[in-house]
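One letter stands for each residue in the lines below.
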Amino acid sequence: MRATDWCRSSAGAALVLATSSDAEHPAESVADGNSETFWTTTGMFPQEFIIGFPKCVKISKVAIQCYLVRTLRIERSVSKDPVGFEPCIEKDLQHTEGQLQMEEFPLPEFQATYLRFIIKSAFDHFVSVHRVMAEGTAENA
């Protein structure tokens, strides 16, 4: 079975929460599959966003394209609603002056209906998230 990027809106993903809002750089940009568009935070940290999948999926790899993120935590939920999150990974990212941070998290396969991305700290007052990816396969219903 071919792996799918379940974080893309074209795969049925939906942004269900974001702690910052900017009309020119909306949070939905993280799921449009385009690295040229982005969500920008508008204040203090932590900041977070939650992506919901159209069904329970089995995830084998998570990746993010962002700028100025220092510490990132990723959590998962298998609940019908975006509650009961469990930690997947927390990592300090390397600062990449003038270019996007591209971080891949190869994880043991896990099931999820939601992923929560928590930006715990940053290298500046604002960060941008250009794209998130969650590669995996659909669970058999």
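An unreviewed UniProt entry lists the protein under the name Intraflagellar transport protein 25 homolog, from Pipra filicauda. According to UniProt, the comment filed for the protein under the heading Sequence similarities (unreviewed entry) is "Belongs to the IFT25 family." Note on the protein: under the UniProt heading Subcellular location (unreviewed entry), the record states "Cell projection, Cilium".

This part is about the packing of aromatic side chains. A complete count under the given rule lists two aromatic pairs for this structure. Both rings, one in Trp39 and one in Phe49, keep their centres 5.3 Å apart while their planes meet at 75°; by these two values the pair is edge-to-face. Linking Trp39 in strand 3 (residues 39-40) with Phe49 in strand 4 (residues 47-67), this pair joins segments that are ten residues apart in sequence. Here the two residues Trp39 and Phe49 agree in accessibility, since each one is buried. Taking 4.9 Å as the distance between ring centres and 10° as the angle between the ring planes, the aromatic pair formed by Phe49 and Phe117 counts as stacked. Remark: Phe117 occurs in strand 7 (residues 101-122) and Phe49 occurs in strand 4; sequence separation between them is 68 residues. In terms of burial, Phe49 and Phe117 fall into one category: buried. Sitting above the plane of the Phe85 ring, Arg116 keeps its charged end 4.2 Å from the centroid.

Attention now moves to unusual backbone geometry. With an omega of 10°, the peptide bond running from Phe45 to Pro46 counts as cis. One can find Pro46 in the loop between strand 3 and strand 4. For Leu68, which is not a glycine, the phi torsion comes out positive at approximately 75°. Relative to the elements of secondary structure, Leu68 occurs in the loop between strand 4 and strand 5 (69-77).

If you look at the biggest cluster of nonpolar residues, it comprises 31 residues, and the most contacted ones within it are Phe53, Val62, Leu115, Val129 and Val132. Mapped onto this core, the elements with two or more residues apiece are strand 4, strand 5, strand 7 and strand 8 (128-138). Once you skip the residues sitting within four places of it in the chain, Leu115 turns out to touch Cys7, Phe49, Ile50, Ile51, Phe53, Val62, Ile74, Glu75, Arg76, Phe85, Phe110 and Ala134.

Turning next to the pattern of salt bridges. Taken as a whole and assessed by the stated rule, the structure comprises ten salt bridges. Note that Glu48 is salt-bridged to Arg116, the shortest N-O span being 3.7 Å. Of this pair, Glu48 sits in strand 4 while Arg116 is found in strand 7, placing the two residues 68 residues apart along the sequence. In terms of burial, Glu48 and Arg116 fall into one category: buried.

The rules behind these values
- Residues numbered from 1 in each chain as written.
- Predicted model: local features only at pLDDT ≥ 70, side-chain atom pairs only at ≥ 80, totals over all residues.
- Heavy atoms only, no water.
- UniProt positions renumbered as here; feature names shortened; annotations may be inferred.
- Phe/Tyr/Trp six-rings, centres within 6.5 Å; stacked < 30°, edge-to-face > 60°.
- Helix = DSSP H or I, 4+ residues; strand = E, 2+ residues; numbered from the N terminus.
- Buried < 20%, exposed > 50% of the residue type's maximum accessible area, 1.4 Å probe, protein only.
- Lys NZ or Arg CZ within 6 Å of the ring centre and 35° of its normal.
- Core = buried A, V, L, I, M, F, W, Y, C linked by side-chain atoms within 4.5 Å.
- Contact = heavy atoms within 4.5 Å.
- Salt bridge = Lys/Arg side-chain N within 4 Å of Asp/Glu carboxyl O.

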